[in-house]
Each structure stands twice: as structure tokens, then as C-alpha cells.
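# Summary of the model geometry
Letter by letter, the chains look like this.
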Amino acid sequence: MEFYLNNKHFGIAFLLFLTVFSCKDKEDTSKEPLKKAVVYEMYQPSEMAGFMNAMYAYNQQLKSQIVAGETPTSLPLDLLKLHSAEMTAGKSRTENWQSFVNVFIASQKAIVDTLAKTELKERYNTAINNCLNCHKTECTGPIPKIKKLLIQ
Ligand code: HEC
């Protein structure tokens, strides 16, 4: 029994030594590229801003499909990112944001709902108006750009 315990402890100590050693090894090799990445990231838009631009591009594509008489069926964006993506420093999920976000998500999903009764163009414009509703208070800069997405 005594021998078994001692042996086990030695084994654990040896494993710990290996772990510490290998972690250190990893840290050393990644030090340089990590520093460069941080400097570069300071000039990057926030995760949320990036996602907003992806939503913009997606809706631009929907608009041209709808105008061409096609019926869009795919929604490749994970809209739940709106609940998790990091925002630009100083921005946060305000009460107003919370009151618009789920309505917007539902309306964006409704565009590709082939069983929906409402006309496609109307469903699409409803989603874009929901972008605008949130933007009126949360981030007014892109409003003119978003308005261009509306189908007249
Ligand atoms: C629930 C609120 C809300 C909804 C809905 C919303 N946005 Fe935004 N949007 C924001 C906020 C807040 C920001 C600023 C994010 C940041 O800087 O981190 C933003 C930023 C943007 C930007 C600027 C990104 C950049 O490069 O700085 C664009 C463009 C944009 N949104 C387009 C859209 C479009 C198009 C839709 C609808 C498909 C939409 N938004 C729906 C709140 C919203």
C-alpha cells in the first residue's frame, strides 16, 4: 500500500512537471506573433460592427434577389450573435437595444419563411425598418446607408 501511494505521487509530480514544461514551451514560441496581433486589432472594428456589416451585405443580396423575382430561402448568418458579440468600447446593450433586438431577429427570419402569408417584399421591408428602429437611438451614423436597402 505504502509503495503504491508513493509511486502514485511520483507519477503525479512527474505529470505536473511535464505539463508546466510544455506550457512554457508553447508560451515562448507564440510570444512574438501575439504582440503583433494585438497592435493590429486596435484598428479592427468590433465583433458587433463586423457582424452588422455582414448583415448589411446579406440584406443587399436579399434585395437584389427579391427585385429579380427570386424567393430567397437561406439565412447563413447566426443571428444569435447579436446577443453575444462584443461591441465597440463605450457601446452596450441598452434597454432600447433589448426592446428591438428580438423583434428584429424574428422579422429577419420571416423573410426566408416560405410558409409566411405576408408578401415577400413587405416582410423584407419590415426587417429593414426594424434595423432602422434600433438605429434611431443606438447608432445613427449608418441610417442613410440602411435606408438604401428598402425596396421602393
Ligand atoms: C437591436 C439594435 C440593432 C439592430 C436591430 C440593428 N443594428 Fe446595426 N448597429 C447597432 C449598434 C449598437 C451598432 C454599433 C455596434 C458597434 O460599434 O459595436 C450598429 C452598427 C451598424 C453598422 C456600422 C458598422 C460599422 O462598420 O461600424 C451598420 C452598417 C449597421 N449597424 C447595419 C445594420 C443593418 C443593415 C441592420 C438590419 C439588417 C442592423 N444594423 C440592425 C444596433 C442595431
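See the structure printed just above.
Described below are features of the structure shown in this document.

Thresholds, definitions, all that
- Residues numbered from 1 in each chain as written.
- Predicted model: local features only at pLDDT ≥ 70, side-chain atom pairs only at ≥ 80, totals over all residues.
- Heavy atoms only, no water.
- Helix = DSSP H or I, 4+ residues; strand = E, 2+ residues; numbered from the N terminus.
- Buried < 20%, exposed > 50% of the residue type's maximum accessible area, 1.4 Å probe, protein only.
- Contact = heavy atoms within 4.5 Å.
- Areas by Shrake-Rupley, 256 points an atom, 1.4 Å probe, with all protein chains shown as cover.
- Donors = N, O, S within 2.8 Å, 3.2 Å for Na, K, Ca; no water.
- Near = heavy atom within 4 Å.
- Polar contact = N/O pair within 3.5 Å; in protein donor to acceptor, adjacent residues only side chain to side chain.
- Expected span 1.5 Å × (residues − 1).
- Axes fitted to C-alpha atoms, helices over the stretch in contact; angles between N-to-C directions.
- Parallel < 35°, antiparallel > 145°, perpendicular 65-115°, else oblique.
- Left-handed = near helix turned anticlockwise from the far one by under 90°.
- Nonpolar A, V, L, I, M, F, W, Y, C, P; charged D, E, K, R; others polar.
- Core = buried A, V, L, I, M, F, W, Y, C linked by side-chain atoms within 4.5 Å.
- Phe/Tyr/Trp six-rings, centres within 6.5 Å; stacked < 30°, edge-to-face > 60°.
- Lys NZ or Arg CZ within 6 Å of the ring centre and 35° of its normal.

Along its length, the protein chain carries six helices and zero strands. Counting only residues that meet the buried cut, the protein chain has 26% of its 152 residues in that class. Counting contacts in the protein chain only where the partners sit at least 6 residues apart, residues at least 24 apart contribute 62% of the total. For the protein chain, the computed accessible surface area is about 11000 Å², with 61% contributed by carbon and sulfur atoms.

Here the iron atom of the ligand is held by the protein donor atoms Met52 (SD) and His135 (NE2), which lie 2.0 to 2.3 Å from it. A relative accessible area of 26% places Met52 in the partly exposed class.

With that settled, consider the site of the ligand. Around the ligand, the surrounding shell holds 24 residues, and the nearest of these are Met52, Thr88, Cys131, Cys134 and His135. Taking Asn53, its side chain carries an N or O atom lying 2.9 Å from an oxygen atom of the ligand. Within the contact set of the ligand, an oxygen atom lies 2.6 Å away from a side-chain nitrogen or oxygen of Thr88. Breaking the shell around the ligand down by element, the ones donating at least two residues are helix H2 (47-67), helix H4 (95-111) and helix H5 (120-138).

Now for H5. A rise of 1.5 Å per residue sets the reference length of H5, with its 19 residues, at 27 Å; its end C-alpha atoms lie 27 Å apart and thus fit the reference within 8%. For H5, the complete set of buried residues consists of Leu120, Arg123, Tyr124, Asn125, Ala127, Ile128, Asn130, Cys131, Leu132, Cys134 and His135. Along its buried surface, H5 packs onto H2, H4 and helix H6 (143-147).

When the terminal C-alpha atoms of H2 are compared, their 30 Å separation across 21 residues agrees well with the 30 Å that a helix rising 1.5 Å per residue should span. Residues of H2 that are buried include every one of Met48, Phe51, Met55, Tyr56, Tyr58, Asn59, Leu62 and Ile66, and no others. Of the surrounding secondary structure, the elements contacted by the buried residues of H2 are helix H3 (81-84), H4, H5 and H6. Just downstream of H2 lies Gly69, where phi reads positive at about 85°.

Here we take up the packing of H4 against H5. Interhelical geometry of H4 versus H5 gives an angle of 160° and a closest axis separation of 9 Å. Judged on the interaxial angle alone, H5 and H4 are roughly antiparallel. Relative to H5, H4 is oriented so that their crossing is left-handed. Taken together, the residues of H5 that come into contact with H4 (itself represented by Asn96, Trp97, Phe100, Val103, Phe104, Ser107, Gln108, Ala110 and Ile111) are Leu120, Arg123, Tyr124, Thr126, Ala127, Asn130, Cys131, Asn133, Cys134, Thr137 and Glu138. Each residue belonging to the contact of H4 with H5 can be placed in one class, and the counts come to 11 nonpolar, seven polar and two charged.

Residues Met55, Leu82, Trp97, Tyr124 and Ile128 are the most contacted members of the largest nonpolar core, which totals 30 residues. For this core, the secondary-structure elements that each account for two or more residues are H2, H4, H5 and H6. Beyond its immediate chain neighbours, meaning those up to four positions away, Leu82 contacts Met48, Phe51, Met52, Met55, Arg93, Trp97, Val101, Phe104 and Ile105.

Its place among the elements puts Ser107 in helix H4. In this structure, Ser107 is in contact with Arg123, Thr126, Ala127 and Asn130, ignoring residues within four places of it in sequence.

Glancing now at the packing of aromatic side chains. Within the structure shown, the criterion is met by zero aromatic pairs. Here the basic side chain of Lys145 rests over the ring of Tyr56, its NZ or CZ set 4.6 Å away from the ring centre.

Honestly, that's just the spatial picture; any functional story needs more than this.
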